[in-house]
Amino acid sequence: MSGVVVLISGRGSNLRALVEAGLPVRAVLSNQVQAAGLTYAREKGIATGAIDHRDFASRAAFDEALAAAIEACSPELVVLAGFMRVLSSGFVARFRARLLNIHPSLLPAFTGLHTHARALAAGVKIHGATVHWVDEILDHGPILIQAAVPVLPGDDEAALAARVLVQEHRIYPLAVRWMLDGQIEQHGECLRHRLGLAQYLWAGVPGSTQ
Ligand code: NHR
Ligand code: GAR
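Figured I'd write up the structure that's included with this text. (Residues numbered from 1 in each chain as written. Chains lettered and ligands numbered in written order. Predicted model: local features only at pLDDT ≥ 70, side-chain atom pairs only at ≥ 80, totals over all residues. Heavy atoms only, no water.)

Quick look at helix α1 (residues 13-20)
To keep it simple, the criterion reads: For the exposure calls, accessible area comes from a 1.4 Å probe over protein chains only, and a residue counts as buried if that area is under 20% of its type's maximum, exposed if over 50%, partly exposed in between. The secondary structure listing takes helices from DSSP runs of H or I that are at least 4 residues long and strands from runs of E that are at least 2 residues long, numbered from the N terminus. Here a residue-residue contact requires only that any non-hydrogen atoms of the pair lie within 4.5 Å.
Taken across its eight residues, α1 has six buried, putting it largely inside the fold. Residues of α1 that are buried: Ser-13, Asn-14, Leu-15, Ala-17, Leu-18 and Val-19. If you follow the buried residues of α1, they end up packed against β1 (4-8), β2 (25-30), α2 (36-43), β4 (77-80), β5 (99-103) and α6 (157-180). Once α1 ends, the next one or two residues include Gly-22, with phi positive near 85°.

What follows is the structure in structure tokens.
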């Protein structure tokens, strides 16, 4: 087993961050044939595959085809990067403890879709992103790392999403590297870095690095 398979549905900016960090991305799979991230992967000479969920009669049948395509690569890790299809418990069981997701909120707040709009509507003052292990429950699973950003006066959804995305591109490569290097230990529901490294980033002032 070696390397990482990345699952995407769209733009692929997190995929790009992983590749640019030098991580061993062996294949990129998308449920959207037109995903921009597939074009990027092809340009980089990475193997790609498109599996259109609309070609399958059920969620289980799509998940089975996706799992088979992943297993053909025998990856160490499966990384969801803007992948927009909920995965069945059967799929999760096959890749347990080596299936990661990045979610654009500070979990357990704002699971599901449209997180930035919902954060603004709720009036939260701090928002962010979370990398977690995927389990059967949507946007649940043990937390690997989080990044926090302020919500600033005058923010709209696009401004807030852009501020969070900068941090996503920092924490996802870090989390994947830690996993590949065997640095993460599980203690019940908690994941800890072996060396006790801080598992958060705080972009307190826009433009600052910590
Ligand atoms: N699967 C499991 N089992 N657990 C998680 O935590 C998952 C997952 C699959 C994807 C990413 C996710 C997110 O971080 C993710 C986490 C899609 C939906 C969704 O409702 C929700 C959460 C996430 C991704 N998708 C619709 C569906 O019917 C389709 C939406 C669309 O195609 O645009 O699957 O937020
Ligand atoms: C990212 O913000 C990611 O956190 C989010 O979608 C965006 C994908 O961007 N993921 C979800 O909302 C999962 N439901 P990208 O394709 O440019 O990486």
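Considerations on helix α5 (residues 115-122)
Counted only if it meets this: Picture the helix axis, draw a direction to every C-beta atom, and the arc is the one those directions span.
All of the buried residues along α5 are Thr-115, His-116 and Ala-119. All buried residues of α5 fall inside an arc of 95° around its axis, so they share one side. As for α5, its buried residues are in contact with β5, β6 (126-133) and α6. Within two residues after α5, Gly-123 carries a phi angle of roughly 75°, on the positive side.

Comments concerning the site of ligand 2
Our working definition: Throughout, near means a residue has at least one heavy atom within 4 Å of the molecule or strand. Any N or O atom pair separated by 3.5 Å or less is treated as a polar contact, with the protein-specific requirement of one donor-capable and one acceptor-capable atom, and with residues adjacent in sequence counted only for side-chain atom pairs. Only the protein chains shown count as covering a residue, and every accessible area follows the Shrake-Rupley method with a 1.4 Å probe. In this classification, Asp, Glu, Lys and Arg are treated as charged, Ala, Val, Leu, Ile, Met, Phe, Trp, Tyr, Cys and Pro as nonpolar, and every other residue, Gly included, as polar.
All residues adjacent to ligand 2 are Arg-11, Gly-12, Ser-13, Asn-14, Gly-82, Met-84, Ile-102, Pro-104, Leu-165 and Glu-168. Contact distances for ligand 2 include 2.6 Å between an oxygen atom and a side-chain N or O atom of Arg-11. Within the contact set of ligand 2, an oxygen atom lies 2.9 Å away from a backbone nitrogen or oxygen of Asn-14. Its free accessible area being 440 Å², ligand 2 has 86% of it covered by the protein chains. Secondary structure elements with two or more residues in the shell around ligand 2: α1 and α6. Looking at the shell around ligand 2 residue by residue, the class counts come to four nonpolar, four polar and two charged.

Focus on the side chain of His-53
Relative to the helices and strands, His-53 resides in the loop between β3 (47-50) and α3 (59-71). Residues in contact with His-53, not counting those within four places in the same chain, are Asn-31, Gln-32, Phe-62 and Arg-85.

Points about a nonpolar patch on the surface
Selection rule: Here a patch means residues that are over 30% exposed by relative accessible area and free of salt bridges, tied together within 9 Å if like-charged and within 5 Å if nonpolar (Val, Leu, Ile, Met, Phe, Trp, Tyr). Basic side-chain nitrogens of Lys or Arg form a salt bridge, by our definition, when they fall within 4 Å of a carboxyl oxygen of Asp or Glu.
Taken together, the side chains of Ile-126, Tyr-200 and Trp-202 make up a nonpolar region of the molecular surface, amounting to roughly 320 Å² of accessible area. Checked against the element boundaries, Ile-126 lands in strand β6.

Regarding the site of ligand 1
The environment of ligand 1 is made up of 19 residues, and the closest members are Arg-59, Met-84, Asn-101, His-103 and Asp-139. Within the contact set of ligand 1, an oxygen atom lies 2.8 Å away from a side-chain nitrogen or oxygen of Asn-101. One of the side-chain N or O atoms of His-103 is found 2.9 Å from an oxygen atom in ligand 1. With the chains in place, 82% of the 710 Å² that ligand 1 exposes on its own is no longer accessible. If one sorts the elements of the shell around ligand 1 by residue count, β5 sits on top with three residues. Looking at the shell around ligand 1, its residues break down into eleven nonpolar, four polar and four charged.

Some words on the pattern of salt bridges
A full pass over the atoms with the stated rule returns five salt bridges. One salt bridge connects Arg-96 with Glu-136, and the closest N-O pair in it is separated by 2.4 Å. Here Arg-96, found in the loop between α4 (89-94) and β5, pairs with Glu-136, found in the loop between β6 and β7 (143-150); they are 40 residues apart in sequence, far enough to count as distant. By relative accessible area, Arg-96 is classed as partly exposed at 42%. A cluster of three or more residues bridged by salt bridges with shared partners is formed by Glu-64, Glu-71 and Arg-94.

Any functional reading would require information that these geometric values do not contain.
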